[in-house]
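Residues per chain are reported as follows:
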Amino acid sequence: MSALLEVDGLSVELPVAGEYRTVLQDVSFSLDAGQTLGLVGESGSGKSMTVRSIAQLLPPGARTSGSITFDGASVLDLRGDALRKFRSRDVSMIFQDPRAHTNPVRRIGDFLTEAMRVNGRVPRREAERRAVELLAEVGIHDGERRLRQYPHELSGGLLQRVMIAASLAVKPRLILADEPTTALDVTTQSEVMAILARLQREYGMAMLFITHDLELAAAVCDETVVMYAGAMVEHQASSRLHTDPLHPYSAALMQARPEIERRVPRLPAIPGHPTSAFETPDGCAFAPRCRFAEDACRAALPAFERVGDGEYSRCRRAEELRGQLLVPAVVSHEEVVR
Amino acid sequence: MSSTAGRRADARTDSERTTAAPGGVPILAVDGLRKTFGRGRKEAVAVDGVSFELAAGGSLGIVGESGSGKTTTARMLIGLEQPTAGRIVLDGADHTRPARRIRDLRARGRLIQIVFQDPYTSLDRRQKIGDCLGEVVRLHFGLSGSALDARVRELGELVGLHDRQLRALPRELSGGQRQRVAIARALAAEPKILILDEAVSALDVSIQAQILNLLADIREQRGVSYVFISHDLAVIRQITDTAIVMRHGRVVEQGQTADVLDSPQDPYTRLLRDSVPHAGWRPGADALVTS
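All values reported here derive from a predicted model rather than from experimental measurement.

Focus on the packing of aromatic side chains
Residues and elements named next belong to chain A.
Link 1 in the chain: Scanning the model with the defined rule gives five aromatic pairs over all chains in all.
Link 2 in the chain: Each ring, one from phenylalanine 70 and one from phenylalanine 86, has its centre 5.3 Å from the other, and the planes form 70 degrees; the classification is edge-to-face. Here phenylalanine 70, found in strand E4 (residues 63-70), pairs with phenylalanine 86, found in helix H2 (residues 80-90); they are 16 residues apart in sequence, far enough to count as distant. Per residue, the accessibility class of phenylalanine 70 equals that of phenylalanine 86, and both read buried.

Details of the domain arrangement of chain A
All names here are of chain A.
Link 1 in the chain: Per the domain assignment, the segments making up chain A are domain 1 (5-221) and domain 2 (226-260 + 267-337).
Link 2 in the chain: When each unit is reduced to the centre of its C-alpha atoms, the spacing between domain 1 and domain 2 is 29 Å.
Link 3 in the chain: Domain 1 puts 25 residues into the contact, and the matching count from domain 2 is 24 residues.
Link 4 in the chain: Both faces considered, domain 1 and domain 2 share a buried interface measuring about 1,900 Å² in area, 60% of it formed by carbon and sulfur atoms.
Link 5 in the chain: Contact with domain 2 buries surface across domain 1, with Gln25, Glu42 and Leu214 losing the most and accounting together for 31% of the total.
Link 6 in the chain: Here domain 1 is connected to domain 2 by one salt bridge.
Link 7 in the chain: Here aspartate 26 and arginine 314 are joined by a salt bridge, their closest N and O atoms 3.9 Å apart.
Link 8 in the chain: Listed by contribution, the elements that provide at least two residues to the side of domain 1 that touches domain 2 are strand E2 (19-31), strand E3 (36-40), helix H1 (47-54) and helix H8 (214-220).
Link 9 in the chain: If one sorts the elements of the side of domain 1 that touches domain 2 by residue count, E2 sits on top with nine residues.
Link 10 in the chain: Residue classes in the side of domain 1 that touches domain 2 are distributed as eleven nonpolar, nine polar and five charged.

Some points on empty space enclosed by the protein
All names here are of chain A.
Link 1 in the chain: A full pass over the atoms with the stated rule returns three cavities of 30 Å³ or more.
Link 2 in the chain: Taken as a whole, the largest cavity spans an internal volume of roughly 80 Å³.
Link 3 in the chain: Reported here for the second largest cavity is a volume of approximately 60 Å³.
Link 4 in the chain: Lining the second largest cavity are Gln25, Tyr228, Ala229, Ala231, Val233, Cys284, Ala285, Phe286, Leu301, Pro302 and Arg314.
Link 5 in the chain: For the lining of the second largest cavity, the residue count by class is nine nonpolar, one polar and one charged.

Describing the nonpolar core
Link 1 in the chain: Ile183, Ile218 and Phe228 of chain B are the most contacted members of the largest nonpolar core, which totals 115 residues.
Link 2 in the chain: A total of eight residues in this core trace back to one element, the largest contributor, which is helix H7 (residues 205-222) of chain B.
Link 3 in the chain: Residues lining this core come from more than one domain, with at least three contributed by each of domain 1 (5-221) and domain 2 (226-260 + 267-337) of chain A.
Link 4 in the chain: Setting aside chain neighbours within four positions, we find isoleucine 218 of chain B in contact with Leu158, Val159, Ile183, Leu187, Gly223, Val224 and Tyr226 of chain B.
Link 5 in the chain: Ranked by size, the runner-up nonpolar core spans 35 residues in total, among them Val12, Leu37, Ile54 and Ile68 of chain A.

The rules we used
Residues numbered from 1 in each chain as written. Chains lettered and ligands numbered in written order. Predicted model: local features only at pLDDT ≥ 70, side-chain atom pairs only at ≥ 80, totals over all residues. Heavy atoms only, no water. Phe/Tyr/Trp six-rings, centres within 6.5 Å; stacked < 30°, edge-to-face > 60°. Helix = DSSP H or I, 4+ residues; strand = E, 2+ residues; numbered from the N terminus. Buried < 20%, exposed > 50% of the residue type's maximum accessible area, 1.4 Å probe, protein only. Domains from an automatic or database assignment. Contact = heavy atoms within 4.5 Å. Buried area = accessible area lost by both parts, 1.4 Å probe. Salt bridge = Lys/Arg side-chain N within 4 Å of Asp/Glu carboxyl O. Nonpolar A, V, L, I, M, F, W, Y, C, P; charged D, E, K, R; others polar. 1 Å grid on protein atoms, 1.4 Å probe; cavity = no way out; pocket = protein on both sides within 12 Å on 5 of 7 lines; lining within 4 Å. Points joined across faces, edges and corners; volume = space filled by probe spheres on them. Core = buried A, V, L, I, M, F, W, Y, C linked by side-chain atoms within 4.5 Å.

Following this line, the structure appears as structure tokens:
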């Protein structure tokens, strides 16, 4: 069976100050129906850009290469009606800030029924009845009252549920969720994730889940891709990511995060700051911040290679370093001195 | 409630209050703090009977979700809001009412400062970083010329900003560097207490670790006390000694940070703890008991 979504060798350049700059390079993965894939990374890692490429929501002037295939059709070649149908029926996006993606002067009811009335030509009363059903699906049981309210009258968590209800209205086959719970309280995040997981199970939807939170990705995604400076650095089963990372960046990211169970004298921070693809020197983009970097790492960009069954890494020392990446940094500093 | 847990706020007596400063006068003491907005039927209680103490050189965490009253509490501490009731004692003197006169405002500024969450909106985008720090130093200590420059460079060094960055405009700096500027600006007045209101929440994880280490160093070197407001329990664990948990304007639990997080007594603290994604986490498994 071929995958529902197949991204192969995707690279994106954007015009910045009259010059094309690479923001995404050589991104490849596939996603089956019902599966959840996490994209994890910091600022400039390219995770949002990947999702925007799939929905064809890149800024004007963007240059793309590689291919994106959805259900056998090439997404990058979709135009006009076909593109509109792809965006409105096949995929749905959920964004980080629901307030930025709702019209503050239109009621929740208008927001939820617009697509049905315009695209599906459903009569208003029927559309409203379905909107109330959708709200019930995401745990909002006083839907009729909510339809008459404005976005500012709803809390962030409630509004995000409305966004999820709206994205489900068309029963999409793929959900692109871009940090959908980042702006929410932890207890609300837990509820929203539960709703997403249940609906995904019931409808068999595939989900591409973007987050900066490795723990969250590990908890809700089947597989996780870690991105850095516009490229994938690691891809493997989420369940193993925490105990057996395959790239020094993933390991360093996990170690830099404080733990709820204990306080450490000093957090193993990663020196420097996250960069974008176009700011990185030749060679491995993470090398300037990596405690395992050697001269050869700075010479050429390592390939994204298979290191085991369903395991990939863009570190040229991946196999050699496997199992040692989570060892506290002191050891390797001694090695450097020696 | 018939709970006997001494740590539960509802069972609190003065001797049991574990956020109390161990010996000596606390640098900050808050008693029965209350803030309401609006009147009559529209009255909303934002903060309701909040009491805690912060030891000199200590670090107190305030944990809570949106609407818990943690930011309103911070605004009362620095004098941006006037409490409806209760008392705020800073370094032994009553500061419940916000200062009015310039002299009093500046005196309060040398006592307590704040760092906000968003390093993108809390700096003047047309002011160079060095000028931004220099302005505070000149205002509070009347320095000028080479003494002023030296002090600005010293502040820069304290937070890891180089001369090149001191000559830059905010837009030329990254988010982490801007938050360093905000910390240096707050420290420029040499306050005894620093409030950090979600000060590392908007930063990338790798940068967040750098700033948390920096804050730990500054506390050790300068003896400045922290009120650290955050929704992030792991960050609270790393940077605070004592903590209070707030919900709907009230303190539901308080004590040593390690105790509060390792064996939470209040059901809400437990819910918060269990809502944090971890290995084997099932989202939504902890049904929210809304009161």
